[in-house]
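Tertiary structure, described
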Amino acid sequence: EAGVAQSPRYKIIEKRQSVAFWCNPISGHATLYWYQQILGQGPKLLIQFQNNGVVDDSQLPKDRFSAERLKGVDSTLKIQPAKLEDSAVYLCASSLALSGSGELFFGEGSRLTVL
Amino acid sequence: AQSVTQPDIHITVSEGASLELRCNYSYGATPYLFWYVQSPGQGLQLLLKYFSGDTLVQGIKGFEAEFKRSQSSFNLRKPSVHWSDAAEYFCAVGAQAAGNKLTFGGGTRVLVKP
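Residues numbered from 1 in each chain as written. Chains lettered and ligands numbered in written order. Predicted model: local features only at pLDDT ≥ 70, side-chain atom pairs only at ≥ 80, totals over all residues. Heavy atoms only, no water.

1. Points about the nonpolar core
The biggest cluster of nonpolar side chains holds 26 residues, and the ones touching the most others in it are Trp-35, Leu-48, Leu-76 and Tyr-89 of chain B. Among the elements of the structure, strand S2 (10–14), strand S3 (19–21), strand S5 (32–38), strand S6 (44–50), strand S8 (64–68), strand S9 (73–78), strand S10 (87–94) and strand S12 (108–113) of chain B are those that each provide at least two residues to this core. Judged by nonpolar contacts, the second largest core, of 21 residues, contains Trp-34, Ile-47, Phe-49 and Leu-77 of chain A. (Core = buried A, V, L, I, M, F, W, Y, C linked by side-chain atoms within 4.5 Å. Buried < 20%, exposed > 50% of the residue type's maximum accessible area, 1.4 Å probe, protein only. Helix = DSSP H or I, 4+ residues; strand = E, 2+ residues; numbered from the N terminus.)

2. A word on the interface of chain A and chain B
Chain A puts 23 residues into the contact, and the matching count from chain B is 20 residues. Together, the buried faces of chain A and chain B total about 1700 Å²; carbon and sulfur atoms form 48% of this surface. The interface formed by chain A and chain B holds two salt bridges in total. Residue Lys-49 of chain B is joined to Glu-103 of chain A by a salt bridge in which the shortest nitrogen-to-oxygen separation is 2.6 Å. There are five residue pairs in polar contact (both at pLDDT 80 or more) connecting chain A and chain B. If you list the elements that add at least two residues to the side of chain A that touches chain B, you get strand S4 (31–37) and strand S5 (44–50) of chain A. (Contact = heavy atoms within 4.5 Å. Buried area = accessible area lost by both parts, 1.4 Å probe. Salt bridge = Lys/Arg side-chain N within 4 Å of Asp/Glu carboxyl O. Polar contact = N/O pair within 3.5 Å; in protein donor to acceptor, adjacent residues only side chain to side chain.)

3. Observations concerning the side chain of Asp-56 of chain A
Tracing the sequence through the fold places Asp-56 of chain A in strand S6 (residues 53–56). Within the local environment of Asp-56 of chain A, its side chain forms a polar contact with the side chain of Lys-101 of chain B, the two groups lying 3.3 Å apart. If we ignore the near neighbours within four places in the chain, the residues touching Asp-56 of chain A are Leu-45, Leu-46, Ile-47 and Gln-48 of chain A together with Lys-101 of chain B.

4. Topic: the pattern of salt bridges
Residues and elements named next belong to chain B. Inspection of the entire model under this criterion finds 10 salt bridges over all chains. We note a salt bridge from Arg-77 to Glu-64, for which the minimum N-O separation is 3.3 Å. On the criterion of sequence distance, the pair formed by Arg-77 in strand S9 and Glu-64 in strand S8 is long-range, its members being 13 residues apart. On the basis of relative accessibility, which here comes to 24%, the residue Arg-77 falls in the partly exposed class.

Quick look at the structure:
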């Protein structure tokens, strides 16, 4: 079974530029999550989707971050304009459904460096 | 609101020695509890999970964890550490009532001495 796929793995940009990250969850997983992991910290939830609807985006800095999951499968996370403090690893995860075992499966992450 | 505390930022252990990583959580109802491991440059891999039932949970790679409701703890243990266990370990709490999203602790980095 294929795991959660993310791209790009690494991205370096200058502040005020824009960047987009892509995630393809495990086939059949209805719930998709984007987490931000700053160096030395645990992952922090940015946004949670159930199919193509947003369940929780309370921690998403909406002035610069946006995310979509238009067809309820893959998802894109965008940052525009980027700030220095956005340097982090962006982890995508998926799970079967909102209810159930609650186990999340993670991709390898996209590492962003903002100069 | 859910929260997780991992009191130890770094732990150094000799190969073959035992390991215990501490995790304390805060949540009003019965939580789901998880331990994930992250090797450098990699994503998070699930070691074990607790949902209900037996409070001693066995996981992969020889790890186990014990849920203690009275102490709000879910400590991770391994009797004999291998050099390949050097990594960062994250405890997480989730709940069905919270849409199964996980709240993570700050992590504990484990260094293994030969």
